[in-house]
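Inside the fold
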Amino acid sequence: MRFILVNLFLILLFSCEKNSTNGTGGGAPDIPDPGINYSVCENCIWLQSDCSENWILGYNSDSAIGGFQFTVEGAAILSTSGGDSELNGFSISSSSSTLLGFSFGGNSIPEGSGELLIINLEGYPTGLSNIVFSDSDAEPIEILSYGIVDCYDLSLENTGVSQLTIFKDSITGLEIGDKIGIFDSDAILNYGDCSSQRGELLVGVGIWDGEQLNIVSIGSVDLCNINGGVQLSGYVEGHPLVVRVYRFSNGIVYSTELSWETGSGFFGEILQSIDSINLINSSLSKGLF
């Protein structure tokens, strides 16, 4: 059975346009840490941005992995490297959209979760499809797609306080896939106590698709002036909005100069809309959101 599967993999391998390197089975590769939650799903794979130009293919499997194949939707595969595939001596080959991995020596990736490999893409991926996984005995494994996990997704709990900021479709200078983050530079950071921790906090986020974008920011709650009250993390009313743009195509976080059609750019305003954004390369570190 293994012989049949390996031959099938070889046929697929040489039908692909080879544009990636084979694994070496060496030491553990250097992999950025974008805060991956491996318990997000069971028997699944997903693409997660490392907040730079690369995407990590995360996996969670209750069976050892002897081979895999899948298609990346919406973006072109440029190259692959690292991950548990390289650590376990897998060979990787890809066309512009389909990726194939297996071991000539019959190695397998142990059951569990981790980073299957790192993929460099051109464009913003929209999903994973045509997923085929086999176990160490060359038997099929049911592995589903969890989808795309954006660069450090917003993780604030809903507090019941919010601010709507509208980014008008008249805005120019943004690229499709740009990530827009709204920050409060002196937000309440703690949740469920009265420790009054303050600092910069991402409170709202959205992806630009060329159409009007509505971003809802999460506001703080401070009930520590009443018996048994607590604080909930979020923006503080009256503080100015700080807007930054993360561009996936070059891995740069931009500061912004904003033109307000409605409102003046402070949390707590009834209505806000932005009709123009000027991006400023402020040399901020990658991975801020």
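Right, let's walk through the structure included here. (Residues numbered from 1 in each chain as written. Predicted model: local features only at pLDDT ≥ 70, side-chain atom pairs only at ≥ 80, totals over all residues. Heavy atoms only, no water.)

1. Observations regarding the state of the cysteines
All told, the structure shown has two disulfides when counted by the stated rule. A sulfur-sulfur distance of 1.8 Å marks the disulfide that ties C41 to C44. Linking C41 and C44, the disulfide has an S-S dihedral of approximately 80 degrees and is accordingly described as right-handed. An identical accessibility class is assigned to C41 and C44; each is buried. Each disulfide pairs two cysteine sulfurs, and for C194 the partner residue is C224, the sulfurs being separated by 2.0 Å. The disulfide joining C194 to C224 has a torsion of about -100 degrees about its S-S bond and is therefore left-handed. (Disulfide = S-S within 2.5 Å. Buried < 20%, exposed > 50% of the residue type's maximum accessible area, 1.4 Å probe, protein only.)

2. Regarding the sheet that holds strand β19 (residues 272–281)
Ordered by their spatial adjacency, seven strands build an open sheet running β13-β12-β17-β18-β19-β11-β14, and the pairing between neighbours is mixed. Strands with a single pairing partner mark the edges of an open sheet, and in this sheet they are β13 (198–207) and β14 (213–218). Here the strands of the sheet are splayed against their neighbours by 40 degrees on average, with no regard to which way each runs. Where strand β12 (residues 179–188) and β13 come together, eight bridges link them in antiparallel fashion. (Pairing = 2+ DSSP bridges. Helix = DSSP H or I, 4+ residues; strand = E, 2+ residues; numbered from the N terminus. Axes fitted to C-alpha atoms, helices over the stretch in contact; angles between N-to-C directions.)

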